[in-house]
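# Observations on chain architecture
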Amino acid sequence: MTRHFLRDDDLGPAEQREVLSLAASLKQAPYDSQSLAGPRTVATIYDKPTLRTQASFAAGIAELGGNPMMVDGSLAGIGKRESVADVARVLGRQASVIVWRTYAQAALDEMAEHAGVPVINALTDEFHPCQLLADLLTIRERKGELAGLTVAFIGDGACNMGNSWLLAGATAGLHVRIAAPEGHQPEEQYVVRAREIGEQTGATAEVMTDPKEAVGGADVVVTDTWVSMGKEEESADRLAAFADYTVTVDLMSHAAPDAIVMHCLPAYRGKEIDSEVLDGPQSVVWDEAENRRHAQKAIITWLLRDAAERAEVPQ
């Protein structure tokens, strides 16, 4: 059965560590893996606005010796002009891997069901697992061992980043605290799943409303935009709801003295984070953005290795 990377818990704890170690190695020696030599093609589909995702996948695929084939989601009309299943069957015969940045998680799952090649989630409304690999790689670079560290996510806990922090953080053995106002907290299913994973890894998952409580003593402070793609019509209400959740110098004073600050970008300065924090000495956002490339190269390489190993094993 083909392995995919559709949500953060598609990797078990040992697998996640393996991918992160591979990413660290590829960052030091960018051309050591030529897993896409040929060149083999990776189909990259973008239905949502993109900068870091498109740039990091294109650069990373090229460094792996491959050909990044960009598919314009608006032209393809996936799910409208033709079904997700039919598109999957077509692209699976043209490409070795399919990368899709889209809206519905269910559509991505359907793509994986019919593609016959690894499918990677480059962002859905529900999860952002490639970003979390990059984030964990960045934390590892600054802090060393991940297990046992405390991460505070401040703001919209009901977004894809909140969900992914719960799942990926638990897989890494982190203590994850989500501070969000009522009505903007993660669905209970993701908290329950994080706690299930934590039974194996020692991780914990907490949801609260007080940002200072969440940040207290934290090793890592994370935020994200309050108005995610598709939520623009709710902008005024969201800005009011999150008014007390800005990551400021004062809020950071409650974290550990050597805490780092993360944001997956784009950032709206003066809203979810102040400029003096985003541009300050504790910020690692530019390392985080670069690490998308290395983490994505690692997950592509890992999935292709897995596929090759499975093909060699008699069924």
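Everything below is about the structure shown above.
Residues numbered from 1 in each chain as written. Predicted model: local features only at pLDDT ≥ 70, side-chain atom pairs only at ≥ 80, totals over all residues. Heavy atoms only, no water.

### Section: the pairing of strand β6 (residues 175-179)
- The buried fraction of β6 is high, at four of five residues.
- As a crossover connection, the stretch from strand β5 (residues 150-154) through helix α7 (residues 160-171) into β6 is right-handed.
- Considered for its hand, the β-α-β crossover made up of β6, helix α8 (residues 188-201) and strand β7 (residues 204-208) is right-handed. (Buried < 20%, exposed > 50% of the residue type's maximum accessible area, 1.4 Å probe, protein only. Helix = DSSP H or I, 4+ residues; strand = E, 2+ residues; numbered from the N terminus. Right-handed = clockwise from strand over helix to strand, strands pointing away.)

### Considerations on the sheet that holds β5
- An order of β7-β6-β5-β8-β9 is seen for the five strands of this open sheet, with the pairing classed as parallel. Two strands lie at the open edges of the sheet, namely β7 and β9 (260-263), each paired on one side alone. Pairwise comparison of adjacent strand axes, ignoring direction, gives a mean angle of 20° for this sheet.
- When β5 meets strand β8 (residues 220-223), the two strands line up parallel, connected through four bridges. Considered in β8, the bridge of Phe-153 is made with Val-222.
- Along the sheet face, helix α6 (residues 129-143) touches β8 and β9 and points at about 165° away from the line of β9. (Pairing = 2+ DSSP bridges. Axes fitted to C-alpha atoms, helices over the stretch in contact; angles between N-to-C directions. Contact = heavy atoms within 4.5 Å.)

### What about the packing of helix α4 (residues 84-91) against helix α5 (residues 105-115)?
- Direction vectors running N to C along α4 and α5 enclose 45°, while the axes themselves pass 8 Å from each other. Taken as axis vectors, α4 and α5 run oblique relative to one another. You can see that α4 and α5 cross each other, and the crossing is right-handed. For the pair α4 and α5, the contacting residues are Val-84, Ala-85, Val-87, Ala-88 and Arg-89 in the first and Ala-107, Glu-110, Met-111, His-114 and Ala-115 in the second.
- Of the residues contributing to the contact of α4 with α5, the split by class is seven nonpolar, one polar and two charged. (Parallel < 35°, antiparallel > 145°, perpendicular 65-115°, else oblique. Left-handed = near helix turned anticlockwise from the far one by under 90°. Nonpolar A, V, L, I, M, F, W, Y, C, P; charged D, E, K, R; others polar.)

### Some words on the pattern of salt bridges
- Under the definition given, this model contains 16 salt bridges.
- For Glu-15, the salt bridge goes to Arg-3, with nearest N and O atoms at 3.1 Å. Separated by 12 residues along the polypeptide, Glu-15 in helix α1 (residues 13-28) and Arg-3 in the segment before α1 bring together distant segments of the chain.
- Judged by relative accessible area, which is 16%, Arg-3 ranks as buried.
- Across the pair Asp-258 and Lys-143 runs a salt bridge, and its minimum N-O distance is 3.4 Å. Within this pair, whereas Asp-258 is found in the loop between α11 (249-252) and β9, its partner Lys-143 is found in helix α6, the two being separated by 115 residues in sequence.
- A residue is classified by how much of its surface remains accessible, and Asp-258, at 52% relative accessible area, is exposed. (Salt bridge = Lys/Arg side-chain N within 4 Å of Asp/Glu carboxyl O.)

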